[in-house]
Each structure stands twice: as structure tokens, then as C-alpha cells.
Amino acid sequence: MNKRNTQQRRRAILELLNQQGEVSVDELALRFETSEVTIRKDLTALEDNGLLLRKYGGAVPLPQELMAETAGKISARKQALAKAAAGLIRDHYRIIIDSGSTTAALLPELSAKQGLVVMTNSLFIANSLRELEHEPKLLMTGGSWDAQSESFQGQLAEQVLRAYDFDQLFIGADGIDLQRGTTTFNELTSLSRVMAEVAREVVVMVESDKIGRKIHNLELPWTAIKILVTDDKLPDTAKRQIEQQGVKVICAPVQPNTEFSE
């Protein structure tokens with residue numbers, strides 16, 4: 001499906017959500033005669049733009065307090081996470097940056113880093129890295145292109161990853177289950193697990209409103225995660241629960257007036 005039809009479908013999803021107050025993945029897949037994977041991608045893209053809130057099996061409108069936030073405010077949260085995460089990276093580190101809008105926010109913060117080696121499964125991230133002042137050595141996973149996640153996946157990508165070792169992995173999440181670990185709507189989780197296996201330190205970047213959100217697909221268990229970077233809206237009780245899993249939690253302060261373009 002071309003980009004124009006995708007945009008039309010997403011506008012129609014928002015209209016339907018406003019009419020009904022809630023939509024489900026299976027309902028939308030039937031209505032638009034497309035796969036559930038495509039609909040999940042649509043909902044994720046709409047959520048990333050601050051237009052709805054994902055829930056298990058579908059989506060609901062944003063709460064009023066979140067609707068009052070501007071796109072700049074939402075972007076500022078991702079920028080805050082990126083600044084905190086970049087502070088963990090030393091010159092000449094070998095890192096993996098997984099695909100996703102939250103991890104992509106890390107890229108401008110890498111401009112001052114020298115001698116980095118960066119592996120990614122995202123064409124967007126790869127192209128953006130080439131524009132940095134100190135361009136890192138770029139490695140691509142290769143593999144099978146997955147149009148829904150806009151990233152490379154599959155056994156070939158896993159084999160390429162296993163040929164290297166890395167200092168750090170930076171990865172996002174659709175949700176955080178306080179008992180289990182990171183969760184995702186994406187059913188392709190094996191590459192994420194291989195990324196975690198070949199990295200000495202796994203850093204999860206996730207906004208605080210996704211913490212406590214339980215989704216059926218477990219991506220990374222707490223035993224695989226070293227650091228979680230989130231924003232300063234994380235409740236103290238949730239922070240303590242995560243720390244009890246042996247994970248270091250960094251709560252980045254968000255500057256309300258900061259503007260950042262995704």
C-alpha cells in the first residue's frame with residue numbers, strides 16, 4: 001500500500017476513534033481489509049505523534065491531560081531520554097541502536113562522540129548517522145526487510161549480530177510489565193533478544209507513561225536489562241519495583257519549554 005493510502009487510512013482510524021471512543025485491531029483490520037500487523041503499525045505511528053493511546057488489542061483517545069500537551073512537549077520527553085542515554089556512551093564504544101522513534105532521538109546527541117562503531121537494523125538511523133559531525137563507523141544487520149516495523153529482521157540479521165560483540169544496546173519498548181520486563185505489540189522479538197545477547201549492557205529507553213502497560217508479547221526479561229532510562233514522571237513505587245529487579249533506573253528531567261523536532 002502506498003504512502004498516500006496509509007495516510008488516508010490513519011486519518012480514517014482517528015475519525016472512527018473519535019466517533020466510537022475506542023477501536024480494536026481486529027475490527028480495523030476487517031474494516032480496512034488489511035492485516036492486523038499493519039493496523040498495529042498504524043496505531044503505533046499515531047500514538048508516537050500524540051494522537052491516541054494504545055491499549056491491549058486496540059486504542060482509546062488520549063486522556064484530557066495528555067491532549068493538553070503540545071507535540072513539542074512530547075518531543076521534549078524523548079529529547080530528555082536521549083540526553084540521559086547519551087551520557088552513558090563513551091568515545092570509541094561499540095553500540096547497537098535498535099529501530100524506533102525513541103532510540104532515533106539519540107542520534108543528535110552522538111555528534112560530539114568520537115570513534116563510535118554503531119550497528120543498526122534501521123535505514124533511517126543509518127542515514128541519519130552519516131550526517132553527524134563525527135560520523136561513526138556504521139554496521140548494518142542486513143536481513144529481510146520488514147515493511148511493518150521498517151527495519152531488517154530475520155535469521156541473517158541475527159547471524160550478522162552474533163559475529164560481533166558490543167558495549168551497549170539502546171532499545172525502546174511499547175510497554176513495561178513491572179513483573180516481566182519489556183513488552184511489545186510487534187510479534188518479531190527474536191532479533192531484539194539476539195541484540196541483548198551480544199551487548200555487555202542493555203539500555204532500555206521508554207517514556208514513563210508506558211511503564212506498567214502490559215502487552216502480551218514479552219520482548220526482554222528483566223534479567224537481560226542493565227539500565228532503564230525514562231523521564232521524571234515515573235512514580236516512586238514503579239521505580240522501586242524496577243530497581244528490585246536489579247535494574248538501574250535513570251529518571252531524566254524534562255524541560256517544558258524545550259523544542260525538538262522528531
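Computed from a predicted structure; not experimentally measured.

Let us look at the nonpolar core. Ranked by size, the top nonpolar core spans 31 residues in total, and within it Leu161, Val204, Ile211 and Leu228 carry the most contacts. Of all elements in the fold, only strand E5 (117-120), helix H8 (155-162), strand E9 (166-171), helix H9 (190-197), strand E12 (199-205) and helix H10 (236-243) reach the threshold of two or more residues within this core. A total of 4 residues in this core trace back to one element, the largest contributor, which is H9. With residues near it in sequence (within four places) discarded, Ile211 still touches Ile176, Leu178, Val206, Leu228, Thr230, Leu234, Ala238 and Ile242.

Before going further, it helps to examine the side chain of Asp177. Tracing the backbone through its elements, the reader meets Asp177 in strand E10 (residues 175-177). Accessibility expressed as a relative area gives 4% for Asp177, which makes it buried. A distance of 3.0 Å separates a polar atom in the side chain of Asp177 from a polar atom in the side chain of Arg180. When sequence neighbours within four positions are dropped, the list of residues in contact with Asp177 reads Thr183, Arg213, Lys214 and Trp222.

On to the confidence of the model for the protein, then. Confidence in the prediction for the protein averages 86 pLDDT; 89% of positions are at 70 or higher. Counting contacts from residues 257-262, a segment whose pLDDT is below 50, to residues more than four positions away or on other chains yields 11 contacts.

Looking now at the sheet that holds strand E11 (residues 181-184). Within the open sheet, the 3 strands sit side by side as E10-E11-E13. Their pairing is antiparallel. Where the open sheet ends on each side, the last strands, each with one partner, are E10 and strand E13 (217-221). Looking at each pair of strands side by side, their axes are set apart by 40 degrees on average, direction ignored. Relative to E13, E11 runs antiparallel, the two sharing 4 bridges. Along E13, the bridge assignment pairs Gly181 with Pro221.

Of the strand pairs in this sheet, E10 and E11 are connected by 3 bridges, and their pairing is antiparallel. Bridging across to E11, Gly175 finds its partner in Thr183. Taking the residues between adjacent antiparallel strands as the criterion, E10 and E11 are bridged by 3 residues.

Thresholds, definitions, all that
Residues numbered from 1 in each chain as written. Predicted model: local features only at pLDDT ≥ 70, side-chain atom pairs only at ≥ 80, totals over all residues. Heavy atoms only, no water. Core = buried A, V, L, I, M, F, W, Y, C linked by side-chain atoms within 4.5 Å. Buried < 20%, exposed > 50% of the residue type's maximum accessible area, 1.4 Å probe, protein only. Helix = DSSP H or I, 4+ residues; strand = E, 2+ residues; numbered from the N terminus. Contact = heavy atoms within 4.5 Å. Polar contact = N/O pair within 3.5 Å; in protein donor to acceptor, adjacent residues only side chain to side chain. pLDDT = per-residue confidence, 0-100. Pairing = 2+ DSSP bridges. Axes fitted to C-alpha atoms, helices over the stretch in contact; angles between N-to-C directions.

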